[in-house]
Amino acid sequence: MKKFFALYIVIFISANNSTAQEKLQYHNIRTDKNRHIVPWYNPDPSVAYDQVIKLVWNFWDTMRRDMNGLPYYMNHQVWKTPHNDYRGIGGDQFSMAISSWVLYYQYTGNENVKENLRFLADYYLCHGLSPINVKWPNIPFPYNTLEYSGVYDGDMIIGKDITQPDKAGSFGLELIQVYKIYQRDVYLDAAIKIANTLAAHIKTGDENNSPLPFKVNAVTGEVAQINNNNNYGTGNTGNSYTSNWAPTMSLFLDLIKLNKGETEEYKKAFDLILAWMKKYPMQNNKWGPFFEDIPGWSDTQINAVTFARFMMEHPEYFPGWKSEVKSIIDWVYKKLSNTKWKKYGVTVINEQTAYQVPGNSHTARQAAAELLYVSLTGDSTNYNNAILQLNWCTYMVDVDGKNRYPQDDVWLTDGYGDYVRHYLRAMSANPALAPVDRDHILSTTSVIQRADYSGSLYKNYFPAETDTSNINVYYTTFDEMGTESLRLTKKPAVVLFDKTKAVENNTAEGYEWKPLAKGGILTIHRADNKTVTILR
């Protein structure tokens, strides 16, 4: 985002070892024996990462109500105290939060997390969609032009009736996740309508025009014009270009897999975007804008690395994905690396070319993507730096859960929805980064509908006379076939699929156990069930 620069003060204080100690954001920098940065909360990343995302969630969950009765984050993109910030929400604010809370729910089993993501989806559906009788119907507006209206109706810079199709694709994708959790057709129907609108407007695209525009007037269908005499640079035409299409492509793929909606049209639209991405951004690294408050051209890390993750998750579309993903990673370091903290062993990531400032969510995104790359390829070249990047990002979180952007504000985008998910994805790629003293579901190829680590849901599943005292994890999924990865404190005595004992060391339909120094990793392979119970 185009941030509003705040005073950034580096101070030195006397540490316990009587050496000068630099302060980063809220905390004194801690280092290991090699003078490499470690997390502020605890030098063990598995302890520290768990704590900082817990703090961030708690801050969000207990945020004050605003003047219109809604939680503050429903009206603003920047946290201020004691007075409210004048800006409305960020363009992807709700989608980012839903994305993180889906992962955080499976990790914690906290029902408040699940209810919050449903609230976000419900409210946005009721107060943020374009009318059905306009050129771009049924898609969300990314901004509330009147901050306390409780209505989202335009764009932050250009104003009323302007929408961002890439953000519509993100919200549609998250609606699919909400549908899979709650299995209520209202979410699926809304996702289908968003996909229908996007598919209907797909074009071939070229070097200066993406298959869908970045900003468009939903009522008239005209590509939005830039304001304030700003220039997008030679060869670029206003708001007609962005490469943030990985979420939209995933939306199309999900609906095709579900066999819902206009699947043939989604396939055509997907193929057009895929061909364009391969011909242009993947070749020229012209990743383009993402943030709504930048009036001129900018190449953004979020577009590049989000697409790199999409490539790793869908290698069937990218035969040369290993070298192509590496090329994107190299581009990020060439254009957006920040070496200010190199003396602590870490290179962090600037947000975008138009705002060369290190970002908490952007550095965490880079780390999570690179850890996924390591897990898939075995190429550990950037492994150490990825861990140090996650360590560095913890310093942005205060003891009360405020998550402040370096040299800037407490953004409810970068610091919350677009922060938590990267730590959870990092744990999924490298389960050793998850806590050793508690059980957690780290990943699933489906969606977790219910996750219970306390026993409160067991009684609704097993007969009343059943002894459930030895049950330590119980969960249900949307799909009957899938794979989950869990970090457990000890090897399970029994794994039940539905109420049938599963077979160990069976990768078709069973489970595998990989011991670690403490506890280990349980991999579940489901072929024909949605319910898993793990007994101590």
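Attention shifts here to the overall build of the protein chain. The number of helices and strands found in the protein chain is 13 helices and 24 strands. In summary, the protein chain has a C-alpha radius of gyration of 23 Å against a globular reference of 24 Å for 536 residues, a match within 12%. For the protein chain, the residues scored as buried account for 61% of the 536 residues in total. Long-range contacts, defined as pairs at least 24 residues apart, comprise 67% of the intrachain contacts of the protein chain with a sequence gap of at least 6.

Looking now at empty space enclosed by the protein. Going through the model one piece at a time under the given rule, you end up with two cavities of 30 Å³ or more. By volume, the largest cavity is sized at about 60 Å³. Broken down by secondary-structure element, the contributors of at least two residues to the lining of the largest cavity are helix H10 (321-336) and helix H11 (360-377). Among the residues forming the lining of the largest cavity, the class breakdown is four nonpolar, two polar and three charged.

Before going further, it helps to spend a moment on the pattern of salt bridges. One pass over the structure, following the stated rule, counts 22 salt bridges. Here Arg 526 and Glu 484 are joined by a salt bridge, their closest N and O atoms 2.9 Å apart. On the criterion of sequence distance, the pair formed by Arg 526 in strand S23 (residues 520-526) and Glu 484 in strand S18 (residues 482-488) is long-range, its members being 42 residues apart. Residue classification places Arg 526 among the buried residues on the basis of a relative accessible area of 2%. Look at Glu 484 and you get buried, because its relative accessible area is 0%. With its nearest N and O atoms 2.9 Å apart, the salt bridge here joins Glu 504 to Lys 491. Within this pair, whereas Glu 504 is found in strand S21 (residues 503-504), its partner Lys 491 is found in the loop between S18 and strand S19 (494-497), the two being separated by 13 residues in sequence.

Our focus in this paragraph is the packing of aromatic side chains. A ring pair, where both rings are aromatic, is described by two values, the distance of the centres and the angle of the planes. Under the definition given, this model contains 31 aromatic pairs. Relative to Tyr 317, the ring of Phe 270 lies with its centre 5.0 Å away and its plane at 55°, an arrangement referred to as tilted. Of this pair, Phe 270 sits in helix H7 (residues 263-279) while Tyr 317 sits in the loop between helix H9 (301-313) and H10, and the two are 47 residues apart along the sequence. In this structure an aromatic cluster arises from ring pairing among Trp 57, Phe 59, Trp 60, Tyr 72, Tyr 73, Trp 79, Trp 101, Tyr 104, Tyr 107 and Tyr 416. Sitting above the plane of the Tyr 182 ring, Lys 114 keeps its charged end 5.7 Å from the centroid. Arg 118 extends its terminal NZ or CZ atom over the ring of Tyr 182, reaching a point 4.9 Å from the ring centre.

Our focus in this paragraph is the sheet that holds S18. Taken together, five strands build an open sheet; the order of strands is S15-S18-S23-S22-S21 and the sheet is mixed. A single partner strand is all that each edge strand has here, and the edge strands are strand S15 (440-444) and S21. As judged from the two bridges shared by S21 and strand S22 (residues 510-515), these two strands associate in the parallel manner. Directly across from Val 503, in S22, lies its bridge partner Gly 510.

What follows concerns the sheet that holds strand S20 (residues 500-501). Pairing within the open sheet is antiparallel, and its five strands lie in the order S16-S17-S24-S19-S20. The open sheet has two edge strands with one neighbour each: strand S16 (448-452) and S20. The sheet contact formed by S19 and S20 spans two bridges and is antiparallel. Residue pairing across strands places Phe 497 opposite Thr 500, the latter belonging to S20.

Nonpolar side chains tend to gather and get buried jointly when the protein is soluble and globular. One finds Trp 60, Trp 101 and Phe 307 to be the most contacted residues of the largest nonpolar core, which totals 149 residues. When neighbours within four sequence positions are excluded, Phe 307 is seen to be in contact with Ala 246, Met 249, Met 277, Met 282, Trp 287 and Phe 318.

This part takes up the environment of Glu 504. Glu 504 sits in the partly exposed class, given a relative accessible area of 30%. Each C-alpha atom, one on Glu 504 and one on Asp 398, is 43 Å from the other, the two residues being 106 residues apart in sequence. Residue contacts for Glu 504: discarding those within four places in its chain leaves Lys 491, Tyr 511 and Trp 513. Reaching out from Glu 504, the side chain makes a polar contact with the side chain of Lys 491 at a distance of 2.9 Å.

Among all residues except glycine, the phi angle is most often negative; among peptide bonds, the trans geometry is most common. Here the bond from Thr 81 into Pro 82 is cis, since omega is 5°, no more than 30 degrees from zero. The residue Pro 82 is located in the loop between strand S6 (78-79) and helix H2 (93-108) in this model. The residue Gln 25 is not glycine, and still its phi comes out positive at about 55°. For Gln 25, the location among the structural elements is in the loop between strand S2 (20-24) and strand S3 (27-28).

Time to look at H9. Compared with the 18 Å implied by 1.5 Å per residue over 13 residues, the 18 Å span of H9 between its first and last C-alpha is a close match. The set of residues buried in H9 consists of Gln 301, Ile 302, Asn 303, Ala 304, Val 305, Phe 307, Ala 308, Arg 309, Phe 310, Met 311 and Met 312.

Let us now look at the packing of helix H4 (residues 165-182) against helix H6 (residues 246-258). At a minimum axis distance of 7 Å, the contact between H4 and H6 shows a crossing angle of 40°. One element, H4, and the other, H6, form an angle in the oblique class. Seen along the crossing, H4 lies across H6 with a hand that is left-handed. Every residue of H6 that contacts H4 at Pro 165, Asp 166, Gly 169, Ser 170, Gly 172, Leu 173, Ile 176, Gln 177, Tyr 179 and Lys 180 is listed here: Pro 247, Thr 248, Ser 250, Leu 251, Asp 254, Leu 255 and Leu 258. Considering only residue class, the contact of H4 with H6 consists of eight nonpolar, six polar and three charged.

With respect to the element layout, Lys 167 can be found in helix H4. Among the polar contacts made by the side chain of Lys 167, one reaches the side chain of Asp 166 at a distance of 2.9 Å. When residues no more than four places from it in sequence are discounted, the contact partners of Lys 167 are Gly 91, Asp 92, Ser 95, Phe 214 and Phe 290.

Tracing the backbone through its elements, the reader meets Ile 162 in strand S9 (residues 162-163). Look at Ile 162 and you get buried, because its relative accessible area is 5%. For the pair formed by Ile 162 and Asn 217, sequence separation is 55 residues and the distance between their alpha carbons is 4.4 Å.

Thresholds, definitions, all that
Positions within a chain are numbered from 1, following the residues in the order the chain's sequence is written. Given that the model is predicted, a residue must reach a pLDDT of at least 70 before its local features are reported, and side-chain atom pairs must reach 80 or more before they are shown or counted; all residues, however, enter totals for whole chains, interfaces and linings. As a rule here, side-chain values cover all heavy atoms of the structure and leave hydrogens and water aside. Runs of E in the DSSP output that reach at least two residues are strands. Runs of H or I that reach at least four are helices, and both are numbered from the N terminus. Here the radius of gyration uses the C-alpha set of atoms, whereas the globule reference equals 2.2 Å times the residue count to the power 0.38. Remark: exposure states derive from per-residue accessible area (1.4 Å probe, protein chains only) relative to the maximum for the residue type, with buried under 20%, exposed over 50%, and partly exposed in between. Contact definition: two residues touch when any of their heavy atoms are within 4.5 Å. Cavities and pockets were defined on a 1 Å grid built from protein atoms only: a cavity is a group of points that admits a 1.4 Å probe but offers it no way out, a pocket is an open group of points flanked by protein on both sides within 12 Å along at least five of seven lines, and a lining residue is one with an atom within 4 Å of any such point. Grid points are joined across faces, edges and corners, and a volume is the space filled by probe spheres set on the points. Ten residues, namely Ala, Val, Leu, Ile, Met, Phe, Trp, Tyr, Cys and Pro, are considered nonpolar, four, namely Asp, Glu, Lys and Arg, are considered charged, and the remaining ones, Gly among them, are considered polar. Any Lys or Arg side-chain nitrogen found within 4 Å of a carboxyl oxygen on Asp or Glu counts as a salt bridge. Each Phe, Tyr or Trp ring (for Trp, its six-membered ring) is paired with any other whose centre lies within 6.5 Å, and the angle between the two planes then decides the class: stacked below 30 degrees, edge-to-face above 60, tilted in between. Two limits define a charge over a ring: the Lys NZ or Arg CZ must be within 6 Å of the ring centre, and within 35 degrees of the ring normal. Pairing between strands is defined by DSSP: at least two bridges between them are needed. By nonpolar core is meant a set of buried Ala, Val, Leu, Ile, Met, Phe, Trp, Tyr and Cys residues that side-chain atoms within 4.5 Å join together. Pairing of N or O atoms within 3.5 Å defines a polar contact, subject to two protein rules: one partner must be a possible hydrogen donor and the other a possible acceptor, and residues neighboring in sequence count only if both atoms are side-chain atoms. Expected span of a helix, by definition, is 1.5 Å for each gap between consecutive residues, and there is one gap fewer than residues. The axes used here are C-alpha line fits, helices contributing only the stretch in contact, and every angle between their N-to-C directions lies in the interval 0 to 180 degrees. In these notes the angle categories are as follows: under 35 degrees is roughly parallel, over 145 is roughly antiparallel, 65 to 115 is roughly perpendicular, and the rest is oblique. Put simply, a crossing is left-handed when the front helix is turned counterclockwise from the back one by less than a right angle, and right-handed when it is turned clockwise.

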